[in-house]
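# An overview of the molecular structure
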Amino acid sequence: MKITSRFDGVIKKLHYEAEDVAQVGKPLCDIDVQSDISSEDEAVLAPAAEQAGEPASPQQPQKAAEHHAEQASPEAPSHDTESTISSRKHSGLATPAVRGLLKELGISISEVPGTGKDGRVLKEDVHRYATNRDAESSKSSRGAAVRPSSNVDETQVEKIITLNPIQSQMFKTMTRSLTIPHFLYADEIDVTAISTLRQRLNVQDNEHKLSFLHFIIKAVSLALEDFPLMNARVEAGSNGDPTKLIMREKHNIGIAMDTPQGLLVPNIKNVSSKSILDIASECSRLQALAKDGKLSMTDLTGGTITISNIGSIGGTYVAPVIVQSEVAILGVGKARTVPAFGDEGQVIRKDIMNFSWSADHRVIDGATMARMAERVRSFVEEPSLMMARLR
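So, a few notes on the structure that sits alongside this text. (Residues numbered from 1 in each chain as written. Predicted model: local features only at pLDDT ≥ 70, side-chain atom pairs only at ≥ 80, totals over all residues. Heavy atoms only, no water.)

Check the secondary structure of the protein and you find 12 helices and 13 strands. Here the protein, with 391 residues, has 31% of them falling under the buried criterion. Accessible surface, the protein as shown: approximately 25,000 Å² in total, 53% of it carbon and sulfur. (Helix = DSSP H or I, 4+ residues; strand = E, 2+ residues; numbered from the N terminus. Buried < 20%, exposed > 50% of the residue type's maximum accessible area, 1.4 Å probe, protein only. Areas by Shrake-Rupley, 256 points an atom, 1.4 Å probe, with all protein chains shown as cover.)

Topologically, Ile109 is positioned in the loop between helix H4 (96–105) and helix H5 (123–145). Sequence separation of Ile109 and Val121 is 12 residues, and the distance between their C-alpha atoms is 7.7 Å.

Take the side chain of Thr368 next. By the secondary structure assignment, Thr368 is in helix H11 (residues 366–381). Setting aside anything within four residues of it in sequence, one finds Thr368 in contact with Phe227 and Met230. (Contact = heavy atoms within 4.5 Å.)

Here Asn270, not a glycine, exhibits a phi torsion of approximately 50°, which is positive. Structurally, the position occupied by Asn270 is in the loop between strand E9 (267–268) and helix H9 (276–292). Assessed through its relative accessible area of 23%, Asn270 is described here as partly exposed.

What follows covers the side chain of Asn231. Here Asn231 is to be found in the loop between helix H8 (212–226) and strand E4 (233–235). Under the relative-accessibility criterion, Asn231 is labelled buried at 1%. Polar side-chain contacts of Asn231 include one of 2.8 Å to the backbone oxygen of Arg248. Separated by 2.6 Å, the side chains of Asn231 and Thr304 make a polar contact. Excluding its chain neighbours within four sequence positions, the residues that come into contact with Asn231 are Leu224, Arg248, Glu249, Lys250, His251, Thr304 and Ile305. (Polar contact = N/O pair within 3.5 Å; in protein donor to acceptor, adjacent residues only side chain to side chain.)

Without other data, these values stay purely geometric and don't point to any function.
Okay, here's the thing in structure tokens:
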């Protein structure tokens, strides 16, 4: 059996050989202690030294003299003092297993009141002390974090609201849409030329007020003529049937609208056959009906691609969500004026917008999406190219 020494030092003498039977209360070895001995340890060692008939450590004569001086004092110690001394005599006694537990928990043996024979420290004493210490530490930390009490009732108030029909439909549609792997593509568009053209046309025609959106809708329709895949829809196969792409000839471009009832996406039918003024007129009609909650099912169904003009409210970038019956959507940020460099290095003013595209990556690859976005950008930045393609 291994016995842990309470002191650091050098063993000078062994009183027993290996496999000898040691007598209880007799010393096992003599240790030359390298450091000072505490009063508690000295109280434990003094009786053993006296029984062995050997002098204690070099520090003990002075302690012994002080002890005899105290005995010669005219004042006799009280009963409480005697019991305290008796308790301290054994306060540092513990088995090696208990000492290992004390070391593991980071507890000094002098801090633990022992309940064993002659005040020996038991495992139960150590666990009890550790539990009380942790409880006091947790209580103090909670007390520091608690905010000052007040008379204000801070109980959370919750109210259950049932989704209205439009919100319920949006919930279902967006839940299905999020099963589609989205490919995101963003670009910065120079709308300076369209801004100038729009202002000039609005001065000449007071009946139709043109916005950036009307030109963008037409530009998307013209680009779809070169990239008809972006106007298709996916028909997932079932019962072993293969998945199919349904190509659609007409460009029914949906316009996301913020209405008192919630998000609605009516669409402008057959945009390819309409002029920019026709598109402006149709947008005005749909916006008026949406505001009054009078959009028909014909207005709300049959869309082939969507444009979300989040810039009309604010915001530069957006990650639009594809409607399940479509394969692409365009998010338009707000127009803003920035300084830029001209062809000769001079600082000029530019009006720019950010276009953010999302495509169904199951059927639209990145290159196709990028080419479609570039074609739209060319029409928007060079309105003359758009005008040349108008029928």
